[in-house]
Amino acid sequence: MAAAQGRLSDGAGGMDEAKDTEKDRREADTAPLPFRAAVDALKAARLRPQIEVEPTPPPKRLAPYTYALEAAVVDGDQDLADGRLVLLHDPAGHDAWQGTFRLVTLVRAELESEMAADPLLPEVCWSWLTGALQTRGLTYGEPSGTVTRASSHHFGGLSARPAASQIEIRASWTPREGLGGVPDTAAHLASWCDLLAQVAGLPPAGPGDASVVTLPQRRGPHSR
């Protein structure tokens, strides 16, 4: 699956990749039941058709148990935004998380230069994340993150290319655990996809709040 700025992760391939896959499968079979239930809920979640989601190799050093998804918002043969969502689990708990689970995300998309210049853009993008969680009635704690906007200007042999601007949201939060110590990861994934769609400029999937503002169509979305 292509991403708006290229793949978020690229495997090395070959025998090493096969070994890693087999190792991941063994680890999944021996993982704690709450983590396995949380992962199963992610795999079973039903999402809007414009968002393509697939598993991707997770980071190994952030927690004893990890699972990751990669997603792209697709319009025809173009990717309007992309992102990664990582589920972390430490059965012993984590002081900084105030819980045993943590969700970590990266979302990015290209912007029109006028929108990128808006001084309130970072605050608005952060409110989209918290608003997406609140709209689905999810409880969470210890949110943290950054919103970064960047502009690229081309010179010399690349001067024919138009200037480009990009927004990037990096965030993490602790999903509150339910029965059996398992958070509602499917609902958190749906909220995250709501954020992806909003950053991509898609209309809400259902009846929405009139106060919600979405980005205009990305300038020159990338072909897949």
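Residues numbered from 1 in each chain as written. Predicted model: local features only at pLDDT ≥ 70, side-chain atom pairs only at ≥ 80, totals over all residues. Heavy atoms only, no water.

### Some words on the environment of R108
Looking at the secondary structure, you find R108 in strand β4 (residues 99–111). The class for R108 is buried, based on a relative accessible area of 12%. Along the backbone, R108 and R170 are 62 residues apart, and their C-alpha atoms lie at a distance of 8.7 Å. (Helix = DSSP H or I, 4+ residues; strand = E, 2+ residues; numbered from the N terminus. Buried < 20%, exposed > 50% of the residue type's maximum accessible area, 1.4 Å probe, protein only.)

### So, the pairing of strand β3 (residues 78–94)
One ladder, built from 11 bridges, connects strand β2 (residues 65–75) with β3; its direction is antiparallel. Residue pairing for β3: Y65 is matched across the bridge by H89. From the end of β2 to the start of β3, which pair antiparallel, there are two residues, and G76 there has a positive phi angle of about 65°. In this structure, β3 lies alongside β4, joined through 10 bridges in antiparallel fashion. When the bridges of β4 are listed, H89 appears paired with F101. Taking the residues that link successive antiparallel strands as the turn, the β3-β4 hairpin has four residues, and the phi of Q98 there is positive, at about 60°. (Pairing = 2+ DSSP bridges.)

### Details of the packing of aromatic side chains
Think of a pair of aromatic rings as described by two things: how far the centres are apart, and how the planes are tilted against each other in angle. Throughout the structure, instances matching the rule amount to one aromatic pair. Note on F35 and Y65: the rings are 5.8 Å apart at their centroids and 40° apart in plane angle, and the pair reads as tilted. One end of the pair, F35, is in helix α2 (residues 33–44); the other, Y65, is in strand β2, with 30 residues separating them in the sequence. (Phe/Tyr/Trp six-rings, centres within 6.5 Å; stacked < 30°, edge-to-face > 60°.)

### As for the packing of α2 against helix α5 (residues 185–200)
α5 packs onto α2 with a crossing angle of 45° between their chain directions and a minimal axis gap of 8 Å. One way to sum up the angle between α2 and α5 is to call them oblique. For the crossing formed where α2 meets α5, the hand is right-handed. Residues A38, A41 and L42 of α2 lie in contact with α5, whose contacting residues are T185, A186 and L189. Among the residues forming the contact of α2 with α5, the class breakdown is five nonpolar, one polar and no charged. (Axes fitted to C-alpha atoms, helices over the stretch in contact; angles between N-to-C directions. Parallel < 35°, antiparallel > 145°, perpendicular 65-115°, else oblique. Left-handed = near helix turned anticlockwise from the far one by under 90°. Contact = heavy atoms within 4.5 Å. Nonpolar A, V, L, I, M, F, W, Y, C, P; charged D, E, K, R; others polar.)

### Remarks on the nonpolar core
In this structure, V73, L87, W192, L195 and V199 are the most contacted members of the largest nonpolar core, which totals 41 residues. Elements that contribute at least two residues to this core include exactly α2, β2, β3, β4, α4 (121–135), β6 (164–175) and α5. At nine residues, the largest contribution of residues to this core is made by α5. Apart from residues lying up to four places away in sequence, W192 is in contact with A71, G83, R84, L85, T105, L106 and V107. (Core = buried A, V, L, I, M, F, W, Y, C linked by side-chain atoms within 4.5 Å.)

### Points about α5
An ideal rise of 1.5 Å per residue puts 22 Å on 16 residues; α5 measures up with 22 Å between its terminal C-alpha atoms. Counting buried positions along α5 gives 14 out of 16 residues, so the element sits mostly inside the fold. Of the residues trailing α5, G201 is marked for its positive phi of about 90°. (Expected span 1.5 Å × (residues − 1).)

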